[in-house]
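As a plain string of letters, each chain reads:
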Amino acid sequence: MATALQILKDKFGYEAFRFNQEQIIETVLNKQDAFVLMPTGGGKSLCYQIPALILSGLTVVISPLIALMKDQVDALKINGIKAEFLNSSLSASESSSVYDELRQGNLKLLYIAPERLFNGGDQFLNFLKTLDISLFAIDEAHCISHWGHDFRPEYRLLSALKKEFSAVPIIALTATADKLTRDDILDKLQLKNAQTFISSFNRPNIHYTILPKRGMYDQLVDYLSEHRDDSGIIYALSRNSTESLVEKLRLDGFSAVSYHAGMTTEARKTNQDLFSRDEVKIVVATIAFGMGINKSNVRFVIHTDLPKNIESYYQETGRAGRDGLKSDAILYYSGGDVIKLKNFAMVEGNPEQTRIMLQKLAQMSALCEANNCRRKSILNYFGEETSESCDSCDICLNTQEKFDGTTIAQKALSAVARLENRYGLNYVINVLRGSKSIKIKSAHKSLSVYGIGKDISQDEWYKYFQDLISFGFLKQIGSEYPVLSVTEKGLAVLGGKERVLLVKNSFKREKSFSEKPFEKELFDELKIVRNNIAQQENVPAYIIFSDATLLELATYLPQSKAEISQIVGFGEVKLNKYGQSFLAAVIAYCAKKQLASKIADKIAKHVRPVKVNQEVENETKALSYNLFKEGKTIAEIAEIRGFAPSTIEGHLAFYVQSGQLKVTDLVRAEKIPQIIEVIKKYGDYPLGTLKDALGENVNYGEIKAVINHLKHANLSVEESLKDS
Ligand code: ADP
Ligand code: ZN
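Residues numbered from 1 in each chain as written. Chains lettered and ligands numbered in written order. Predicted model: local features only at pLDDT ≥ 70, side-chain atom pairs only at ≥ 80, totals over all residues. Heavy atoms only, no water.

## Details of the pattern of salt bridges
Close approach of charged atoms allows side chains of opposite charge to pair.
Thinking step 1. Using the criterion set out here, one finds 28 salt bridges in the structure.
Thinking step 2. Between Lys592 and Glu525 there is a salt bridge, with its nearest N and O atoms 3.9 Å apart. Taken together, the residues Lys592 in helix H27 (residues 572-593) and Glu525 in helix H23 (residues 520-537) connect sequence positions 67 residues apart.
Thinking step 3. On the basis of relative accessibility, which here comes to 28%, the residue Glu525 falls in the partly exposed class. (Salt bridge = Lys/Arg side-chain N within 4 Å of Asp/Glu carboxyl O. Helix = DSSP H or I, 4+ residues; strand = E, 2+ residues; numbered from the N terminus. Buried < 20%, exposed > 50% of the residue type's maximum accessible area, 1.4 Å probe, protein only.)

Laid out in structure tokens, this is it:
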């Protein structure tokens, strides 16, 4: 039986487990229930996909979203894993062929929506009972709880699972759940003895920035211009603002589409697909967008309006960087948004819920205003202790160059106060700057604040005022001709009781999402290779390979099949199917630029142990081998041992992999190139396919010997690297 680690490497092409994946998998394999709390992008899927491959029967995955099911199943199939889904998007004949496969026990994973389980009374459940089911996985498990933010009534039905299938373990997974929701999930699913696994909520590859909302559109355009090749989501509060932002961005030459609840299902699906397939880089969305999206190379998430609580902020920003590469979360904050959102937070006839919503909103705005590490604030909110500084948020990096602006703030606030909280922004600034304009009343020209801000430009004053408003020292009242007034917090500043930090420059940022130098041009070429394959296979590009894989290719420049197999994401199947195409692109690029492989840089840190699905030696193979070494022919050995010659060929081929026999001991040299050609084209199994392609001239033993010869070459590269 293959071990979990073997499957991780061979089927998925990954080096090592993340978080507590390994312990989770072990728990499930021991038939114990498990509850998994892991951040988005953490790798929850593997926690049930790997057990599914190890256990004998079928794993049933319950998932709330049709779009996500198809994605997951496509990704599994591309790795050569037998998986299907059943939902309303399938035609009758497609469904019935899935049912056939299920009856024949051909599938390892089946994805279904919860309502499907209970369709037509017990009919589907009874059907499942006729199958060999080894595991139920409940994805997005928080949907079962009222306390979660995404309650789905049909999830309630799942409470019956434990009763109906008492011997089958259940693994429940979610990315968001506070303590209350967590307990509720365990209770509703009747998981009394579940092992609970909680991973850190930290998303180290997400870089958090919160900026005062001023000159936002220009900053946005600057940012997007520097990230033209990247995909991202921009969240806005209302349908109208998404539509108008899309329009503006298009006029400025960006490819953007909108996504909100006011659109038809069809239009939403079209836009989501365009985004998934990298045909459009930017989606401007209301919060309705997100759950159905599995796209791993979202490089930025921008909030143009304040999220209503930290859970939402965390979840929405969490859609960035699922591939583990550096990504940005940028939020534009204004005190005005807090006021707007307060209205939304009022729940008619439910004062208790209103109180909770307002409290959550206040915590969100406190996070924006505080001068603390953003990451620490988020993690503390979720009850997680962390060290002081993260070095990857705007506060820790001090990208906003804050300075003590107490004196400036006092000048501004006293001007507003002297003008009796009755004038608008421009007027106040003119007074501060000592404007000679006749629009300024003469009485105001004799105020002590008149002209005390001459040394600061109009523009700068404008920014400082925006900050003072954002941070709640001033508020604007009225919509048509808003006037400024000093808040209580502002009075504390005037009284010298509170200090004010102001922001000097707009932010600087790192441009690259990689720490190591890599070949950008090659990276772009590889995207084209990936897109072409994705089109042929009719799946989104990230299902073929994530950006993390392309980045490693463009960093380590592998020059052979053995080397490319070291790249993250190249499991056996993908290696055989796509390895050649990517290798060709890398080799051509390196030849043009006279670059050599840097794979040793990767291996130096991370030795990948010897390929693990190796056959092992046994007595019967050893007997055949010894006779062969004594000089007997295959036919003679077959005769002596009473086996078919093909069996003996199989025995001997084993020793080619171990290096004890040379491939030419078993295969005539001139046949070898044509066999390698076919292996390149079809991969190294099933053997029948290769035999068909090669014809009568070549036998199974010879094919096997060449395959093992290639494996041996691969091993010896790895061995020698390991020794060094
Ligand atoms: P989640 O469901 O927790 O949001 P996924 O299961 O979709 O996350 O995993 C996110 C990405 O990380 C996927 O591309 C997945 O293949 C990859 N991944 C998961 N586990 C590992 C691992 N141990 N090593 C490398 N990549 C991994
Ligand atoms: Zn920080």
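What follows continues from the structure just given.
## Remarks on the coordination of the zinc ion (ligand 2)
Thinking step 1. Distances from the zinc ion (ligand 2) to its protein donors, Cys373 (SG), Cys390 (SG), Cys393 (SG) and Cys396 (SG), fall within 2.3 Å.
Thinking step 2. In terms of primary sequence, the donors binding the zinc ion (ligand 2) are separated according to C-x16-C-x2-C-x2-C.
Thinking step 3. A relative accessible area of 19% means that Cys390 is categorised as buried. (Donors = N, O, S within 2.8 Å, 3.2 Å for Na, K, Ca; no water.)

## Comments concerning the sheet that holds strand S6 (residues 170-174)
Thinking step 1. Taken in spatial order, the 7 strands line up as S3-S4-S2-S5-S6-S1-S7 in an open sheet, and their pairing is parallel. Among the strands making up the open sheet, the edge pair consists of strand S3 (83-86) and strand S7 (195-198). For this sheet, the mean inter-axis angle between neighbouring strands, taken without regard to orientation, is 20°.
Thinking step 2. Pairing analysis gives 4 bridges linking strand S2 (residues 58-62) to strand S4 (residues 109-112), with the strands arranged parallel. Considered in S4, the bridge of Ile62 is made with Ile112.
Thinking step 3. Helix H2 (residues 21-29) rests against strand S1 (34-37), strand S5 (133-138), S6 and S7 of the sheet, and its axis sits at about 165° to S7. (Pairing = 2+ DSSP bridges. Axes fitted to C-alpha atoms, helices over the stretch in contact; angles between N-to-C directions. Contact = heavy atoms within 4.5 Å.)

## Quick word on the packing of aromatic side chains
Thinking step 1. Evaluation of the coordinates by the stated rule reveals 17 aromatic pairs.
Thinking step 2. For the pair Phe124 and Phe127, a centre-to-centre distance of 6.0 Å together with 50° between the ring planes defines the contact as tilted. Residue Phe124 and its partner Phe127 are located together in helix H7 (residues 123-129), separated by 3 residues, close to a single helical turn. By the burial criterion, Phe124 is buried, and Phe127 matches it.
Thinking step 3. Seen in terms of ring centroids, Phe201 and Tyr314 are 5.4 Å apart; in terms of plane orientation they differ by 35°. Their pairing is tilted. Note that Phe201 is positioned in the loop between S7 and strand S8 (206-212) and Tyr314 in helix H13 (residues 310-317), a separation of 113 residues in sequence. (Phe/Tyr/Trp six-rings, centres within 6.5 Å; stacked < 30°, edge-to-face > 60°.)

## Re the packing of helix H10 (residues 216-226) against helix H11 (residues 239-251)
Thinking step 1. Axis separation between H10 and H11 bottoms out at 12 Å; the angle between their running directions is 55°. Accordingly, the angle class assigned to the pair H10 and H11 is oblique. Considering how the two elements wind past one another, H10 and H11 form a crossing that is right-handed. Where H10 approaches H11, its residues Tyr217, Leu220 and Leu224 are matched on the opposing element by Leu245, Lys248 and Leu249.
Thinking step 2. Its residues assigned to classes, the contact of H10 with H11 shows 5 nonpolar, no polar and 1 charged. (Parallel < 35°, antiparallel > 145°, perpendicular 65-115°, else oblique. Left-handed = near helix turned anticlockwise from the far one by under 90°. Nonpolar A, V, L, I, M, F, W, Y, C, P; charged D, E, K, R; others polar.)

## Quick notes on the pairing of strand S10 (residues 256-259)
Thinking step 1. A two-sided burial pattern is seen for S10, the buried positions comprising Ala256 and Ser258 on one face and Val257 and Tyr259 on the other.
Thinking step 2. With 4 bridges joining them, S10 and strand S11 (residues 282-285) adopt parallel strand pairing. The partner of Ser258 across the bridge, within S11, is Val284.
Thinking step 3. Crossover S10 to S11 through helix H12 (residues 265-276) is right-handed. (Right-handed = clockwise from strand over helix to strand, strands pointing away.)

## Describing unusual backbone geometry
Thinking step 1. Not every positive phi belongs to a glycine, and Lys31 is a case in point at roughly 65°.
Thinking step 2. Inspection of the secondary structure assignment puts Lys31 in the loop between H2 and S1.

## Observations concerning the site of ligand 1
Thinking step 1. Around ligand 1 sit 14 residues, and of these Tyr14, Gly41, Lys44, Ser45 and Arg322 come closest.
Thinking step 2. In the model, a nitrogen atom of ligand 1 is placed 3.0 Å from a nitrogen or oxygen of the Gln21 side chain.
Thinking step 3. Here Gly41 contributes a backbone N or O atom positioned 2.6 Å from an oxygen atom of ligand 1.
Thinking step 4. Protein chains shield 83% of the accessible area of ligand 1, which is 570 Å² for the free molecule.
Thinking step 5. Top element by residues in the shell around ligand 1 is helix H3 (residues 44-54). It accounts for 3 residues.
Thinking step 6. Of the residues that constitute the shell around ligand 1, the class distribution is 5 nonpolar, 6 polar and 3 charged. (Near = heavy atom within 4 Å. Polar contact = N/O pair within 3.5 Å; in protein donor to acceptor, adjacent residues only side chain to side chain. Areas by Shrake-Rupley, 256 points an atom, 1.4 Å probe, with all protein chains shown as cover.)

## Things to note about the packing of helix H30 (residues 634-641) against helix H31 (residues 645-658)
Thinking step 1. The contact between H30 and H31 brings their axes to 9 Å, and the two run at 110°. By the angle between their axes, H30 is roughly perpendicular relative to H31. On the side of H30, the interface is formed by Ile634, Ile637, Ala638 and Arg641, while H31 contributes Pro645, Ile648, Glu649, His651 and Leu652.

## A few points about a negative patch on the surface
Thinking step 1. A surface patch of like charges, here negative, comprises Asp218, Asp222, Glu226 and Asp252.
Thinking step 2. On the secondary structure map, Glu226 appears in helix H10.
Thinking step 3. Glu226 sits in the partly exposed class, given a relative accessible area of 41%. (Patch = residues over 30% accessible without salt bridge, like charges linked within 9 Å, V, L, I, M, F, W, Y side chains within 5 Å. Lys, Arg positive; Asp, Glu negative; His and termini not counted. Charge placed at Lys NZ, Arg CZ, Asp CG, Glu CD.)

## Section: helix H9 (residues 179-188)
Thinking step 1. When we look at burial in H9, the residues that qualify are Thr181, Arg182, Asp184, Ile185 and Leu186.
Thinking step 2. Looking one or two residues beyond H9, the residue adopting positive phi is Gln190, at roughly 60°.

## Some points on the environment of Ala713
Thinking step 1. Here Ala713 lies in helix H35 (residues 700-723).
Thinking step 2. For Ala713, a relative accessible area of 35% puts it in the partly exposed group.
Thinking step 3. Along the backbone, Ala713 and Ala562 are 151 residues apart, and their C-alpha atoms lie at a distance of 7.8 Å.

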